[in-house]
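Structure at a glance
Next come the chains, spelled out residue by residue.
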Amino acid sequence: MGQSWFPGHMAKAVAEIRQSMKLIDVVIEILDARAPRATSNSHLDEALGSKPRVLVLNKSDLADARATEAWLDALGTASAGVVQANCQRGMGVKEAISLAEKAARFTGQEGDRERCRRRFRTVVVGIPNVGKSSFINRAARRSGAKTGDRPGVTRAKQWIVVSPEMEMLDTPGIMPPRVDDPAVWFALASLGCISDDLLDMEGLSISLMSHLCQLGAVQFQQRYGVPADMHDPLLMLEHVSLKRGCLKPGGETDTQRGADLIVRDFRSGKLGRVTLERP
Ligand SMILES: Nc1nc2c(ncn2[C@@H]2O[C@H](COP(=O)(O)OP(=O)(O)OP(=O)(O)O)[C@@H](O)[C@H]2O)c(=O)[nH]1
Ligand SMILES: [Mg+2]
């Protein structure tokens, strides 16, 4: 993958995180609850070192509730704990912060007393678009960090004083430099962690519909009026495009626009609460 996949600001961010780690007491890693494995980034582990880490399964409002419970169990051994969250509503944020504070203050090592006296510092990391800035804004109860429904909104690191006790470092979303597993690529693309400019949206919408059928998550059939005996996702794409009035000037079906619509609907939860991978 070229420049656009691992752009300069991500490389710079990794270097800056590595450098900031001496100031940091605890790491808060934001994952997307719909694919906690695919949205983790082991490439960052080296830069983060061995600091305690709180995992936040964000966007849990868009994930299958039972699958989220299973993920919480599976990730329960995370060093400083794991919580589910909805950073748009503010759910789970307080819990994550109190886990972080506990881990930051009481390490059982020398310096605990000093750490209790000063403001503690966390860094919020994760791949693009998982909700890092939203988490920080909720934690700070103000919109200090810019957010947006596309990857790559935060471009540079930014310290935000969240409370008299805590400072948080917002960081740009960082991708692993390469993704070899097609299932991981599919999840990242479906969840909007990769810039759409790099994606074949028609191909993605087709994979998405066939994946939803495999999972039995067929709410989309009803939403778009897809006949029950239609099984070919390519035909489904044609059908949805036509049904939604996606037509080119000559009257031909505009499957590109249809595909965009399907993917957008999936990302915003209009096709149901779906978790793409199980523990
Ligand atoms: N439904 C839902 N949407 C959320 C949640 N948290 C964040 N979002 C939305 O997800 C999008 C991305 O949020 P950001 O906070 O900008 O994500 P980020 O991780 O900072 O993204 P980058 O800076 O691009 O890496 C925004 O449109 C948010 O409103 C959540 O819990 N549920
Ligand atoms: Mg951000």
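My aim in this report is to walk through the structure given alongside it, one point at a time. Source: prediction; values computed, not measured. (Residues numbered from 1 in each chain as written. Chains lettered and ligands numbered in written order. Predicted model: local features only at pLDDT ≥ 70, side-chain atom pairs only at ≥ 80, totals over all residues.)

**What about helix α1 (residues 8-20)?**
For α1, with 13 residues, the first-to-last C-alpha span of 18 Å sits near the 18 Å given by 1.5 Å per residue. Within α1, burial applies to Met10, Ala13, Val14 and Ile17. When α1 is viewed along its axis, its buried side chains cluster within an angular range of 100 degrees and face the same direction. Those residues of α1 that are exposed and angled more than 90 degrees off the buried face are Gly8, Ala11, Ala15 and Gln19. In this structure, the buried side of α1 is in contact with α2 (45-48) and β4 (120-125). (Helix = DSSP H or I, 4+ residues; strand = E, 2+ residues; numbered from the N terminus. Expected span 1.5 Å × (residues − 1). Buried ≥ 20, exposed ≤ 12 C-beta atoms within 10 Å, placed from the backbone. Arc of directions from axis to C-beta. Contact = placed C-beta atoms within 7 Å.)

**What about the sheet that holds β4?**
Hydrogen bonds between backbone atoms are what pair the strands of a sheet, whose relative direction is either parallel or antiparallel. As summarised here, the arrangement of the six strands in space is β3-β2-β1-β4-β6-β5, forming an open sheet in which the pairing is mixed. The strands lining the two open edges of the sheet, one partner per strand, are β3 (82-84) and β5 (158-163). Neighbour-to-neighbour, the strand axes of the sheet open up by a mean angle of 25 degrees, direction not taken into account. Judged from the five bridges that link them, β4 and strand β6 (residues 166-170) form a sheet pairing that is parallel. Across the sheet, the residue bridging to Val123 is Leu169, located in β6. (Pairing = 2+ DSSP bridges. Axes fitted to C-alpha atoms, helices over the stretch in contact; angles between N-to-C directions.)

**Quick word on the site of ligand 1**
Around ligand 1 there are 24 residues in total, and Gly131, Ser134, Thr147, Thr154 and Gly173 lie nearest to it. Residue contributions to the shell around ligand 1 peak at three residues, all from helix α6 (residues 132-140). (Near = placed C-beta within 6 Å.)

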